[in-house]
Amino acid sequence: MASKPIYRVVFHNQGEIWELYARDIFQSDLWGFIEVETFVFEDASKLVVDPSSEKLRRVFEGVQRSYIPLNAIVRIDEVEREGTPKATKAEGKVAEFPRAMSFPPRDDT
């Protein structure tokens, strides 16, 4: 039986681009959000420690589920194995094109 897939989630957060690995991703009941659960971090007992990876480990320590706004998501990839989570400064002059917010239809009968 194949092991459970691992997803790489890349998104914008407060002027940085965060790359995380997780086992579960869902469309949230909170409209406009993606739910990310079961975060995967590499073994903390390694000799060489990446500061950005440790920052993300501390931020998500004890978090069961995170809700990420759809407009912050850069991409989501299904990968064979986890990599090193990282937080890098968002540099460049490309910005997201603003779009009108549309709400799901209401079932008022």
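These numbers were taken from a predicted model, which means no experiment stands behind them.

Draft legend 1. Quick look at the overall build of the protein. Along its length, the protein carries one helix and six strands. Ordered by position in the sequence, the α and β elements of the protein form the string β-β-β-α-β-β-β. Classification of the 109 residues of the protein by burial places 29% in the buried group. Expressed as a percentage of contacts within the protein between residues at least 6 apart in sequence, the contacts between residues at least 24 apart total 63%. For the protein, the accessible surface area stands at approximately 8,400 Å², while carbon and sulfur atoms represent 52% of it.

Draft legend 2. Structural detail: the environment of E19. Turning to its location among the elements, E19 is positioned in strand β2 (residues 16-27). Residues E19 and I76 lie 57 residues apart in sequence; the distance between their C-alpha atoms is 9.6 Å. Non-local contacts of E19, meaning those with residues more than four positions away in its chain, are made with R8, V9, V10, L56, T84, P85 and K86. A polar contact is formed between the side chain of E19 and the side chain of Y21, at a distance of 2.9 Å.

Draft legend 3. Geometry of the nonpolar core. Core analysis: the biggest nonpolar cluster contains 14 residues, and F11 and I68 have the highest contact counts within it. Setting aside anything within four residues of it in sequence, one finds F11 in contact with E16, I17, W18, L20, I68, A72, I73 and V74.

Draft legend 4. Spatial organisation of the packing of aromatic side chains. Across all of its chains, the model carries three aromatic pairs by this definition. Centre to centre, the rings of W18 and F60 are 5.9 Å apart; their planes meet at 80 degrees, and the pair counts as edge-to-face. Of the two residues, W18 is situated in strand β2 and F60 in the loop between α1 (51-59) and β4 (65-69); the sequence distance between them amounts to 42 residues. Overall, F60 belongs to the buried group, its relative accessible area being 9%. Seen from their ring centres, F39 and F60 are 4.8 Å apart, and the 40 degrees between their planes marks the pair as tilted. Note that F39 is positioned in strand β3 (residues 33-39) and F60 in the loop between α1 and β4, a separation of 21 residues in sequence. Put simply, the rings of F11, W18, F39 and F60 pair up and form one aromatic cluster.

What counts as what
- Residues numbered from 1 in each chain as written.
- Predicted model: local features only at pLDDT ≥ 70, side-chain atom pairs only at ≥ 80, totals over all residues.
- Heavy atoms only, no water.
- Helix = DSSP H or I, 4+ residues; strand = E, 2+ residues; numbered from the N terminus.
- Buried < 20%, exposed > 50% of the residue type's maximum accessible area, 1.4 Å probe, protein only.
- Contact = heavy atoms within 4.5 Å.
- Areas by Shrake-Rupley, 256 points an atom, 1.4 Å probe, with all protein chains shown as cover.
- Polar contact = N/O pair within 3.5 Å; in protein donor to acceptor, adjacent residues only side chain to side chain.
- Core = buried A, V, L, I, M, F, W, Y, C linked by side-chain atoms within 4.5 Å.
- Phe/Tyr/Trp six-rings, centres within 6.5 Å; stacked < 30°, edge-to-face > 60°.

Note that every value here comes from positions in space, so none of it alone points to a role or purpose.
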